[in-house]
Amino acid sequence: KQEVTQIPAALSVPEGENLVLNCSFTDSAIYNLQWFRQDPGKGLTSLLLIQSSQREQTSGRLNASLDKSSGRSTLYIAASQPGDSATYLCAVPQGGKLIFGQGTELSVKP
Amino acid sequence: DTAVSQTPKYLVTQMGNDKSIKCEQNLGHDTMYWYKQDSKKFLKIMFSYNNKELIINETVPNRFSPKSPDKAHLNLHINSLELGDSAVYFCASSQSGSDSPLHFGNGTRLTVT
């Protein structure tokens, strides 16, 4: 059974810092991994999708990496801004559904 | 022009009542989902429909009955509401057979008193 864990559960940083969010999964037989952002009172917005054949994927200040063999993914946010404050979730597919981690709640202080 | 829209946004009701949440997507996707997010923000799938056919039913009590009149709509009806049903319910859609990301609605916050 696939389990997805995200550490830390919460993170507070000053504006401008580079930061890394971690995601680990127990079953490495995945064909992709997605990172989502959730703002308070809103749904999830897909940020990046990494195929199993890829090592990383970039979008603007975001860079996601995937190491299937170790069951890990990281989301790197460069030069963080207050607008980056949100909950970040990773998810992997299994049996036609996505298995989500519990998220990292990020707060970027001005 | 919201891609996945669900109504209502908030729903407050008493135990024992029956309520429905509606969802529509205009992305042309063939697969729709209902997810439940509990108070600890843990997001878990409830149902998945592909082209109006139920393909995932994740051990959800039979008080929950999804209905898909067409592939653009997936509604959720809940009978005999219980306190433990209080959560945020998210509708989502995707295109099967591809690696397209999941698109979520903004959620329906259900509070059962």
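Overview of the structure.

So, on to the overall build of chain A. Assigned secondary structure in chain A consists of 0 helices and 11 strands. The linear arrangement of helices and strands in chain A, starting from the amino end, is β-β-β-β-β-β-β-β-β-β-β. Taking 110 residues into account, the globule formula puts the C-alpha radius of gyration at 13 Å, and chain A, at 13 Å, falls close to it. Counting only C-alpha atoms, chain A reaches 40 × 30 × 20 Å along its principal axes.

Here we come to the interface of chain B and chain A. Every contact between the two is made by 19 residues of chain B and, on the other side, 18 residues of chain A. Applying the counting rule to chain B against chain A returns 1 salt bridge. Notably, a salt bridge pairs Glu-58 of chain B with Lys-97 of chain A, separated by 2.5 Å at the nearest N-O pair. If you look at where chain B meets chain A, you find 5 residue pairs in polar contact (both at pLDDT 80 or more). Secondary-structure elements contributing two or more residues to the side of chain B that touches chain A are strand E4 (31-37) and strand E5 (43-50) of chain B. No other element matches E4 of chain B, which puts 3 residues into the side of chain B that touches chain A. Here the side of chain B that touches chain A is composed, by residue class, of 10 nonpolar, 4 polar and 5 charged.

This structure, assessed with the given rule, holds 8 aromatic pairs over all chains. Aromatic side chains Phe-36 of chain A and Phe-104 of chain B sit 5.8 Å apart centroid to centroid with 90° between the ring planes, which places their arrangement in the edge-to-face category. Highlighted residues: Phe-36 of chain A in strand E4 (residues 32-38) and Phe-104 of chain B in strand E10 (residues 103-104), drawn from two different chains. Judged by its relative accessible area of 0%, Phe-36 of chain A is buried. Note on Phe-104 of chain B: relative accessible area 9%, which makes it buried.

About the cut-offs
Residues numbered from 1 in each chain as written. Chains lettered and ligands numbered in written order. Predicted model: local features only at pLDDT ≥ 70, side-chain atom pairs only at ≥ 80, totals over all residues. Heavy atoms only, no water. Helix = DSSP H or I, 4+ residues; strand = E, 2+ residues; numbered from the N terminus. Rg over C-alpha atoms; globule rule 2.2 N^0.38 Å. Contact = heavy atoms within 4.5 Å. Salt bridge = Lys/Arg side-chain N within 4 Å of Asp/Glu carboxyl O. Polar contact = N/O pair within 3.5 Å; in protein donor to acceptor, adjacent residues only side chain to side chain. Nonpolar A, V, L, I, M, F, W, Y, C, P; charged D, E, K, R; others polar. Phe/Tyr/Trp six-rings, centres within 6.5 Å; stacked < 30°, edge-to-face > 60°. Buried < 20%, exposed > 50% of the residue type's maximum accessible area, 1.4 Å probe, protein only.

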